[in-house]
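Coordinates in review
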Amino acid sequence: MKRNMLFNRIIQEQNVSKAFSRQSSTFDETDAGNEVLQWMRSRVYENVLRFWQPGEHVLEINAGTGIDALFFAKRGFFVHAADNSPGMLLELEKKVWENHVEDKITFERCSFLELEHLGEKKFDHIFSNFGGLNCTDDLQSVINSFFALLKPCGTVTLVIMPPVCPWEMLYALKGDFKLAFRRFKKEGAPSHLEGVHFTTWYYSPDDVRKMFGGNYKVVSVMGLGIVVPPPFKENFPKKHPYLFKKLIEIEKSIANKRLFSSWADHFIITATKIK
C-alpha cells in the first residue's frame, strides 16, 4: 500500500512538472490578459503586504515564472523562488536578468515535497499562490516542513482552492455536473493541462487551520472569488463591466466572513509561527 502511494506521488509530481513546463512559454501572456486573474492577484498582494516589511526574506514555493517574486523584489523584499518545473524556472531566470533584480531574487529547482533540500536557510515568510499546493494529497507534510524554515514569529501565507466554489456549482443548472461537483471528490479530481493529466485535491480553511496545529496562530482567512467570477470566466469583465465592478464591491464586504472564506474559488490563509 505504502509503495503504491509513493509511486503514485512520484508520477503525480512528474506530471505536474511536465504540464507546467509545457505552459511556461505562454503563461505570462495568458496571465496578463486575464482581468479577473489580475484582480485576484492584486487582492493577494494587498493581503500579504499587511504582514510583510521591505527588507525581509521570503521563500516562495510554486514560484512559477516569477510574476510574484518580481513584484515583491521591486518592493524591497529578498525572494528565494522554488519551483519543480524546469520550464517555469527558465522563464523566471529570464525575468531576473532582464529586470536586474539578481540581488533580490535567487531561485532553485525544488519540490514543495522536498523542502528539506533547502538546507539551513531561514525566512521571515513563506508564500504559495493560486493553488499550487492543491497538487498534493499530503498538504500536512508540506506544512510540517515549514517550521524549520521559518524564523521566530515568521508568517506563512497560502492561497488554496477549497471544495466549494459557488460559480462552478452554478454549472449544474446547465447540466454540467462534472464541473459543478468536481471539487467534492475525496480521492481528488482528475485535471489536465497542456495534454498532461494529474490530480487536484481541495482543502477547506478549517482543514488547513488544523494542519497548522499548535505551533502557529492563524491571523487571517479571506475568500477570493466568492461572487467575483473565477479566472476561467476571463471574458466576464468585458461583457459585463458594470456588474464586474459591483461584484468586486460586494466581495470586498464579505471576503473575511467565515462562511464566505470557505465558499470561494480560492482562499488566502495567513498563520504566524508562535513557538
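Here's what I pulled together on the structure shown here. (Residues numbered from 1 in each chain as written. Predicted model: local features only at pLDDT ≥ 70, side-chain atom pairs only at ≥ 80, totals over all residues. Heavy atoms only, no water.)

**A closer look at the packing of aromatic side chains**
- Summed over all chains, the structure comprises 16 aromatic pairs.
- Ring plane angle 85° and centroid distance 6.2 Å describe the contact between Phe 72 and Phe 77, whose orientation is recorded as edge-to-face.
- In this structure an aromatic cluster arises from ring pairing among Tyr 45, Trp 52, Phe 71, Phe 72, Phe 77 and Phe 127.
- Residue placement shows Lys 273 over the ring face of Phe 147; its charged tip is 4.0 Å from the ring centre. (Phe/Tyr/Trp six-rings, centres within 6.5 Å; stacked < 30°, edge-to-face > 60°. Lys NZ or Arg CZ within 6 Å of the ring centre and 35° of its normal.)

**Describing helix α2 (residues 35-48)**
- The end-to-end C-alpha distance of α2, which contains 14 residues, comes to 20 Å, matching closely the 20 Å that a straight helix rising 1.5 Å per residue would cover.
- Taken across its 14 residues, α2 has 10 buried, putting it largely inside the fold.
- Two to three positions downstream of the cap, the backbone nitrogen of Val 36 sits 3.1 Å from a side-chain oxygen, assigning the N-cap of α2 to Asn 34. (Helix = DSSP H or I, 4+ residues; strand = E, 2+ residues; numbered from the N terminus. Expected span 1.5 Å × (residues − 1). Buried < 20%, exposed > 50% of the residue type's maximum accessible area, 1.4 Å probe, protein only. Polar contact = N/O pair within 3.5 Å; in protein donor to acceptor, adjacent residues only side chain to side chain.)

**Here's the deal with the pattern of salt bridges**
- Enumeration over the complete set of coordinates arrives at 15 salt bridges.
- Arg 9 is paired through a salt bridge with Asp 137; the nearest N and O atoms lie 3.0 Å apart. Remark: Asp 137 occurs in the loop between β4 (123-128) and α5 (139-146) and Arg 9 occurs in helix α1 (residues 2-32); sequence separation between them is 128 residues.
- The class for Arg 9 is partly exposed, based on a relative accessible area of 27%.
- For the salt bridge of Glu 108 with Lys 121, the shortest nitrogen-to-oxygen distance reads 3.7 Å. In this pair, Glu 108 is assigned in strand β3 (residues 105-109) and Lys 121 in the loop between β3 and β4, connecting sequence segments 13 residues apart.
- Classification of Glu 108 as partly exposed rests on a relative accessible area of 22%.
- Several salt bridges converge on common partners, so that one network encompasses Glu 168, Arg 182, Arg 183 and Asp 265. (Salt bridge = Lys/Arg side-chain N within 4 Å of Asp/Glu carboxyl O.)

**Points about the environment of Pro 229**
- In this structure, Pro 229 sits in the loop between β8 (216-224) and α9 (236-239).
- Given the relative accessible area of 0%, Pro 229 is considered buried.
- Spatially, the C-alpha atoms of Pro 229 and Val 36 are 7.3 Å apart, while their sequence positions differ by 193 residues.
- Look past the residues within four positions of Pro 229 in its chain and what remains in contact with it is Val 36, Trp 167, Phe 236, Phe 244 and Leu 247. (Contact = heavy atoms within 4.5 Å.)

**Structural notes on the nonpolar core**
- Of all hydrophobic cores here, the largest spans 38 residues; its most connected members are Phe 72 and Ile 105.
- Those residues in contact with Phe 72 that sit more than four places away from it in its chain are Tyr 45, Val 48, Leu 49, Trp 52, Phe 77, Val 79 and Phe 127. (Core = buried A, V, L, I, M, F, W, Y, C linked by side-chain atoms within 4.5 Å.)

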